[in-house]
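# Structural features, examined
Here is what each chain is made of, one letter per residue.
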Amino acid sequence: MTQTQDRSRTFSWSDPGINAAQLGRRSGLDLLRAMIAGELAAPPIMHLVDMARMEAEEGWVAVELVPQEFHYNPLGTVHGGVISTLLDTAAGCAVHTTLPAGVGYTSLDLNVKFLRPVTVDSGTLRCEGTVLQRGRRTALAEARLTDTRGRLIAHATSTCLLFPVDAPTRA
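The structure contained in this document is the topic of the report that follows. In this text, all values refer to a predicted model and were calculated from it rather than measured experimentally. (Residues numbered from 1 in each chain as written. Predicted model: local features only at pLDDT ≥ 70, side-chain atom pairs only at ≥ 80, totals over all residues. Heavy atoms only, no water.)

## A word on the sheet that holds strand 2 (residues 60-65)
Quick reminder of the rule: By definition, two strands form a pair when at least two bridges between them are found by DSSP. Here a strand is any run of E in DSSP of at least two residues, a helix any run of H or I of at least four, and the numbering for each starts at the N terminus. Axes here mean lines fitted to C-alpha atoms, for a helix over just the part in contact, with angles spanning 0 to 180 degrees between N-to-C directions. Any two residues having at least one pair of non-hydrogen atoms within 4.5 Å are treated as being in contact.
Pairing is antiparallel in the open sheet, where 6 strands are placed in the order 1-2-4-5-6-3. Two strands lie at the open edges of the sheet, namely strand 1 (51-57) and strand 3 (103-114), each paired on one side alone. Recorded for the sheet is a direction-independent mean angle of 20 degrees between the axes of neighbouring strands. When strand 3 meets strand 6 (residues 152-164), the two strands line up antiparallel, connected through 11 bridges. Among the inter-strand pairings, T106 is bridged to a residue of strand 6, identified as L161. Contacting strand 1 and strand 2, helix 2 (residues 28-37) runs over the sheet at an angle of about 140 degrees to strand 1.

## Focus on helix 4 (residues 80-96)
For clarity, the cut-off: Expected span, for any helix, means 1.5 Å times one less than how many residues it has. Partly exposed residues are those whose accessible area sits between 20% and 50% of the maximum for their type, while under 20% is buried and over 50% is exposed, using a 1.4 Å probe and protein chains only.
Its 17 residues place the ends of helix 4 24 Å apart at the C-alpha level, agreeing with the 24 Å of an ideal helix rising 1.5 Å per residue. Taken across its 17 residues, helix 4 has 13 buried, putting it largely inside the fold.

## A short note on the pattern of salt bridges
How we decide: Definition used for salt bridges: Asp or Glu carboxyl oxygen within 4 Å of a side-chain nitrogen of Lys or Arg.
Applying the stated criterion across every chain yields a total of 9 salt bridges. For the salt bridge of E64 with R126, the shortest nitrogen-to-oxygen distance reads 3.0 Å. Of this pair, E64 sits in strand 2 while R126 sits in strand 4 (residues 125-134), and the two are 62 residues apart along the sequence. When the shortest N-O distance is used, the salt bridge between R151 and D147 registers 2.8 Å.

So, in structure tokens, the structure goes:
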């Protein structure tokens, strides 16, 4: 008979509507910098996946994650969905850094190439997203995920749709 050890994880998050209300009032770079500084809470997905440190400059974002057992798929490696989430976050947030107040975005596509498996032994993963081109209606970004040794783990390109967002009115 196989004996298993129970493991558990608990996390909490803040109301995501607070940050969403800032879209019409702040530029994308200002919004991300406010989250990095702790002025605004990180979005719930950051807590769910347990993403760590984030950096942001115009047209560029980096985010880190330390692989944990709760990221694993049945094969004993980090699930591709977790890797895709990191890539989508870095690419999308890189686009976000280029947007003025009143402009939002959403991913139209995410094309991912998985190059190496990831385990807890991979060490801290770093994902960097860069805007390749931004027009009035769409933007193209790429993201590169590397392990502690600097090896490329996965690569993605993403197209984002840009659209106007009205600033919330006060009641």
